[in-house]
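# Coordinate analysis (summary)
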Amino acid sequence: MSQTFLIRAIGQQPLLNFGELWAFRHLFYILVWRALRVRYQQTVIGVAWALLQPILYTFVFTVIFGLLMSIPTNGQPYPVFVMSGLAVWLFVAQAFNQASASMFNNAHLINRIYFPRIILILVAIAVALADFLLAFAVLVVLMIWYGIVPTMGALYFLPMMLLAVMTILGLSLWLSALYVPYRDVGHLLPFMTTIWMFLSPVIYPSTLLPPKYQFLYALNPIVVVIDTSRWAFAGGPPPQGWMVAVSCGVAAFLCVTGYWFFRRQEATFADVV
Amino acid sequence: MSKVALSVSRLGKWYAVNDLRYRRSLSELIIQVFAAPFRRKADVRSIHQAPDSIWALRDISFEVQPGRVLGVIGRNGSGKSTLLKILARITTPTEGAAELRGRVGALLEVGTGFHPDLSGRENILLNGTMIGMTPKEVRRREEEIIEFSECADFIDTPVRHYSSGMFMRLAFAVAAHLEAEIMLVDEVLAVGDEAFQQKCKAKIRETALNGRTVLFTSHDMDSIKKICHSCLVLDHGKAVHVGDVDEGIRVYKEICGIPLQPPLNT
């Protein structure tokens, strides 16, 4: 097996190297396996914990925002309404936090072995996707309970999840690279997540927003992702086409610039982290 | 003409001694990033002359033919680990370049990525994959690894229950079974009690003399003499000798201030 490695000085690394990512796919699988295995290793209830979170959230939100505050949901039953948003949101929140902290959390690996560091971000996102599947199962149960049939929107759900993944990827490429030299990023993450949740239609419908702010709102790609989820699984209206286009643009911008920045900084992670 | 397995050209590595130099203010960082395409090369150099920084390696060049063993010796702080880390691609050089033809295996540390909640067997898979083996290779060598580590009785218990000795033996066992065309080995890896240390050293020796290209660093001149075909001596980041092993050892002893003595015959 003959491979040639060229080691070049800082600042002269090639930008794109998909062949290398493929070569390290085993490491990716193993790290995902490790995260999932360790997570449920010593807890007696194990997997049930991953189900408990969405169930509890749905329950609390339904009582407070659905019953006590009566947030208008365009006729959809509140539990299904909120769960269809929560399933997406819990994934986004977890993936975003874990991926943005992935360089910092894995400093001991970065210092000792060579591998494309972006793998750590991909692992964090993959692990969050595994939990998403469980939350989605809860959503399905609720849909059956309320007798709701998925609409055509379900076809668009997978592409929308891809959009969510791209957004998270772009943001975490920026933040994880910044976290290495600037530790305050770690303090920012939970705060950013909370604000982001309120800027997304998790507990309220996006139709609540006055039309003149819709462009600003569309800059948050999670809006159209959750809207699509509501359209597909909770009998809500489909998102507007132009908003989807804006969101895709934002996600693409984040990914491209994020990847460029990350690659530039990657060479010095081991020295600084 | 046989192709050189490992060639290093004018390698250099600069470090900021003061941690804060890396952690500039966020605004400075943003300006630096956006100004990069417009900055001339001369400006980049100036940061490297800053007072609280060192060149851990400077202007290192050498070549290793396939199948030969190069010993790297020098005092602590001479740049040996830095050189190995650069060749293992853990850190990136500030200047220069290197070319390695073949799969690279680095035995510089053991136990990377071991997770206390996973069993010995699971950690073998985890660690093996991390240091560059494919899961298939790891499974193929699993029994050998377990046998070498002498931890067979506890292989399925979580490693948090292992003694530190068992932990290191298992870690070394995984690393020792890594097979690559180019190996970077630090003899510091030989751990454990006397018996196991001898086992480690023997395994390292076996790896080195197996026809692979090896970069070997050690503080034991005996090992160097026995295994290496040629020798690189580092002093404060500079290469002071590249070539003959005995001559290299002499240069090294001079640097250390050890007077050359005939071996004691008692």
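Residues numbered from 1 in each chain as written. Chains lettered and ligands numbered in written order. Predicted model: local features only at pLDDT ≥ 70, side-chain atom pairs only at ≥ 80, totals over all residues. Heavy atoms only, no water.

## Side note on the interface of chain B and chain A
Taken residue by residue, the interface counts 45 residues in chain B and 41 residues in chain A. The contact between chain B and chain A buries some 4000 Å² in all, and 63% of this surface belongs to carbon and sulfur atoms. Counting the contacts that link chain B with chain A gives four salt bridges. Residue Glu-20 of chain A is joined to Arg-89 of chain B by a salt bridge in which the shortest nitrogen-to-oxygen separation is 3.0 Å. Our count for the chain B to chain A interface comes out at eight residue pairs in polar contact (both at pLDDT 80 or more). (Contact = heavy atoms within 4.5 Å. Buried area = accessible area lost by both parts, 1.4 Å probe. Salt bridge = Lys/Arg side-chain N within 4 Å of Asp/Glu carboxyl O. Polar contact = N/O pair within 3.5 Å; in protein donor to acceptor, adjacent residues only side chain to side chain.)

## Notes on empty space enclosed by the protein
All names here are of chain A. Scanning the entire structure with this criterion turns up one cavity of 30 Å³ or more. By volume, the largest cavity is sized at about 70 Å³. In terms of lining, the largest cavity is formed by Asn-17, Glu-20, Leu-21, Pro-116, Ile-118, Tyr-259, Phe-262, Arg-263 and Glu-266. Contributing elements (two or more residues each) for the lining of the largest cavity: α1 (18-23) and α12 (241-266). (1 Å grid on protein atoms, 1.4 Å probe; cavity = no way out; pocket = protein on both sides within 12 Å on 5 of 7 lines; lining within 4 Å. Points joined across faces, edges and corners; volume = space filled by probe spheres on them. Helix = DSSP H or I, 4+ residues; strand = E, 2+ residues; numbered from the N terminus.)

## Digging into the pairing of strand β4 (residues 95-101) of chain B
One ladder, built from five bridges, connects strand β1 (residues 4-8) of chain A with β4 of chain B; its direction is antiparallel. Paired with Ile-7 of chain A across the bridge in β4 of chain B is Ala-98 of chain B. Pairing geometry for strand β1 (residues 6-16) of chain B and β4 of chain B, over five bridges, is antiparallel. By the bridge assignment for β4 of chain B, Ser-7 of chain B is matched with Glu-99 of chain B. (Pairing = 2+ DSSP bridges.)

## With respect to the environment of Ile-224 of chain B
Note that Ile-224 of chain B resides in helix α8 (residues 221-227). Distance from Ile-224 of chain B to Leu-70 of chain B, taken between C-alpha atoms, is 8.9 Å for residues 154 residues apart in sequence.

## As for the packing of helix α8 (residues 153-179) of chain A against helix α11 (residues 221-233) of chain A
How two helices sit against one another is set out by the angle between their axes and by the gap between those axes. Residues and elements named next belong to chain A. One way to put it is that α8 packs onto α11 with a least axis distance of 9 Å and a crossing angle of 160 degrees. The angle between the axes of α8 and α11 places the two elements in the roughly antiparallel class. The two elements α8 and α11 cross, and the hand of that crossing is left-handed. Here Gly-153, Ala-154, Tyr-156, Phe-157, Met-160, Met-161, Leu-163, Ala-164 and Thr-167 of α8 lie close against α11, whose contacting residues are Pro-221, Ile-222, Val-224, Val-225, Thr-228, Ser-229, Trp-231, Ala-232 and Phe-233. (Axes fitted to C-alpha atoms, helices over the stretch in contact; angles between N-to-C directions. Parallel < 35°, antiparallel > 145°, perpendicular 65-115°, else oblique. Left-handed = near helix turned anticlockwise from the far one by under 90°.)

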